[in-house]
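The chain contents come next:
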Amino acid sequence: AKKYVLINYFVNQPKPTDLKLVEEELPPLQDEEYLVEAEYFSVDPYMRLYVLNFPLGTTMIGGQVAKIIESKNPTFPVGKRIVGYLGWRTHTIISPNIDNSFAQQKPYLLPDIGDLPSSLSLGVLGMPGNTAYFGLLEICKPKSGETIVISGAAGAVGSHVGQIAKILGLNVIGICGSDEKCKWLVEEMGFDFAINYKTMPVAARLREVAPQGVDCYFDNVGGDISGIVMYQMNLFGRVAVCGSISSYDADTSSLPKCAILQPALVTNQLKMEGFIVRRWLDRWNEGVIQNLQWIREGKLRYRETVTKGFENMFDAFIGMLHGDNTGKAIVQA
Ligand code: NDP
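Residues numbered from 1 in each chain as written. Predicted model: local features only at pLDDT ≥ 70, side-chain atom pairs only at ≥ 80, totals over all residues. Heavy atoms only, no water.

1. A short note on the site of the ligand
Then comes step 1: Around the ligand, the structure places 26 residues, and the nearest of them are Val157, Lys181, Tyr197, Val277 and Asn325.
Then comes step 2: Here phenylalanine 275 contributes a backbone N or O atom positioned 2.8 Å from a nitrogen atom of the ligand.
Then comes step 3: Here the ligand, which alone exposes 910 Å², has 89% of that area covered by the protein.
Then comes step 4: Those elements giving two or more residues to the shell around the ligand turn out to be α2 (127-140), α3 (156-167) and α9 (313-321).
Then comes step 5: Two domains share the shell around the ligand, each providing at least three of its residues, namely domain 1 (2-123 + 302-332) and domain 2 (127-278). (Near = heavy atom within 4 Å. Polar contact = N/O pair within 3.5 Å; in protein donor to acceptor, adjacent residues only side chain to side chain. Areas by Shrake-Rupley, 256 points an atom, 1.4 Å probe, with all protein chains shown as cover. Helix = DSSP H or I, 4+ residues; strand = E, 2+ residues; numbered from the N terminus. Domains from an automatic or database assignment.)

2. Points about the packing of aromatic side chains
Then comes step 1: Taken as a whole and assessed by the stated rule, the structure comprises 13 aromatic pairs.
Then comes step 2: On the numbers, 5.1 Å between centres and 35 degrees between planes, the contact of phenylalanine 41 with phenylalanine 310 is tilted. With phenylalanine 41 in strand β3 (residues 34-42) and phenylalanine 310 in the loop between β14 (304-308) and α9, this pair connects stretches of sequence that are 269 residues apart.
Then comes step 3: Ring centres 6.4 Å apart and planes at 70 degrees place the aromatic pair phenylalanine 314 and phenylalanine 317 in the edge-to-face group. Of this pair, phenylalanine 314 and phenylalanine 317 both sit in helix α9, three residues apart, which is roughly one turn of the helix.
Then comes step 4: Assessed through its relative accessible area of 9%, phenylalanine 314 is described here as buried.
Then comes step 5: By way of ring pairs, the aromatic residues Tyr4, Phe10, Phe41, Trp88, Phe310, Phe314 and Phe317 are connected into one cluster. (Phe/Tyr/Trp six-rings, centres within 6.5 Å; stacked < 30°, edge-to-face > 60°. Buried < 20%, exposed > 50% of the residue type's maximum accessible area, 1.4 Å probe, protein only.)

3. Considering the domain arrangement of the protein
Then comes step 1: Examined at the domain level, the protein breaks down into domain 1 (2-123 + 302-332) and domain 2 (127-278).
Then comes step 2: Centre-to-centre, using C-alpha coordinates, domain 1 lies 29 Å away from domain 2.
Then comes step 3: Taken together, the contacts link 24 residues of domain 1 with 18 residues of domain 2.
Then comes step 4: Taken together, both faces of the contact between domain 1 and domain 2 bury some 1,600 Å²; the carbon and sulfur share is 52%.
Then comes step 5: Among the residues domain 1 hides against domain 2, the three largest losses belong to Asn12, Arg303 and Thr326. Together they make up 23% of the total.
Then comes step 6: Inspection of the domain 1/domain 2 interface yields two salt bridges.
Then comes step 7: The salt bridge involving glutamate 188 is made with arginine 303; its shortest N-O contact spans 3.8 Å. (Contact = heavy atoms within 4.5 Å. Buried area = accessible area lost by both parts, 1.4 Å probe. Salt bridge = Lys/Arg side-chain N within 4 Å of Asp/Glu carboxyl O.)

4. Remarks on the side chain of aspartate 219
Then comes step 1: In this structure, aspartate 219 sits in strand β11 (residues 214-219).
Then comes step 2: Arginine 279 provides the closest opposite charge to the buried, salt-bridge-free aspartate 219, at an N-O distance of 14 Å.
Then comes step 3: There is a polar contact of 2.9 Å between the side chain of aspartate 219 and the side chain of tyrosine 217.
Then comes step 4: Engagement of the side chain of aspartate 219 in a polar contact is seen with the backbone nitrogen of valine 221, the distance being 3.0 Å.
Then comes step 5: Setting aside anything within four residues of it in sequence, one finds aspartate 219 in contact with Ser151, Ser226, Ala240, Val241, Cys242 and Gly243. (Lys, Arg positive; Asp, Glu negative; His and termini not counted.)

5. A look at the pattern of salt bridges
Here the idea is simple: oppositely charged side chains can pair when their charged atoms come close.
Then comes step 1: Counted under the stated rule, the structure contains 15 salt bridges.
Then comes step 2: One salt bridge connects lysine 183 with glutamate 187, and the closest N-O pair in it is separated by 3.3 Å. Placement of the pair is lysine 183 and glutamate 187 together in helix α4 (residues 179-187), with a separation of four residues, close to one helical turn.
Then comes step 3: The network of salt bridges with common partners includes Lys3, Glu24 and Arg89.

6. A word on unusual backbone geometry
Then comes step 1: With a phi close to 75 degrees, glutamate 32 is a non-glycine residue in the positive phi region.
Then comes step 2: Relative to the helices and strands, glutamate 32 is located in the loop between β2 (19-23) and β3.
Then comes step 3: Backbone geometry places phenylalanine 236, a non-glycine residue, at a positive phi of 60 degrees.
Then comes step 4: Mapped onto the fold, phenylalanine 236 is located in strand β12 (residues 233-241).

If you want it as structure tokens, here you go:
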């Protein structure tokens, strides 16, 4: 068995030497335990931040889809697959009494998704999919005919949010980091417009494509982009603050540049709310079932950017933070 342990806390951009790949010997199974082998790993932005809450020597955190290869627990028989926050490790012994306080979600058997790939349980049918579903519906409370802007639009969460917004009849504008991603959003994901924040003047372009103003903003990136969008919002607009990836590598030794948002909030009486998807853990299956239904109906599409090989975990992780991925970033073991 192999795993990555954290040997240095990330400072600014994570470095390969912050993690160490080590071999580990696993003990024999005890009653009720089962052994899984990882098939797919998720690399997600939250890992950049949350791992800083753990002591050095911790196994790098993260979710995976894994196959049960040995079992002393009849509820988890050999051959079934589970989804769990087991970290960056190839093999894991799971005890049903495991307390995973980080994610507050115990490993669970993969739901029946027919012939769809099991990796979708890390994306469109898993945590990012439910982030899109609950974050959009519960925080933005979108209405047909309204205009929504989504930042980080070509990623796992963003591309999903835009498609649900289209299903609900909104005018959908995405902001992302390449022309290729913009093209994909408009031509394949059904977005009405996409803005490349690296090459286009976002404020001017947004005024052109949304002269009617913005009613909902689903924010994955924070920073200057968010300041620009919020100053083009309409009366009683809603902002779902999902993430702030533009600041995750920020140099904390210098003061952060902060847009002054209060005038926008006050003048247009906006509502801005942060959320973490585990708020809806008790409704988890509702999100998965609805997203699965939309996929089956051909209304929800997905793309995965798959890196092969456990030894390439770090490259996939840093690549995702830099925008190499379109849709969900996955590592195949
Ligand atoms: P993505 O698949 O969107 O991957 C991250 C993307 O962020 C990259 O592809 C890159 O795309 C973009 N990015 C990187 N740096 C910047 C920057 N400086 N400015 C703008 N965009 C940048 O990841 P996820 O879909 O998994 O996550 C999206 C966001 O949602 C993250 O902020 C994450 O932390 C958050 N999140 C929050 C959850 C919650 O419960 N609140 C749950 C899950 C995710 P590009 O080429 O466009 O720059």
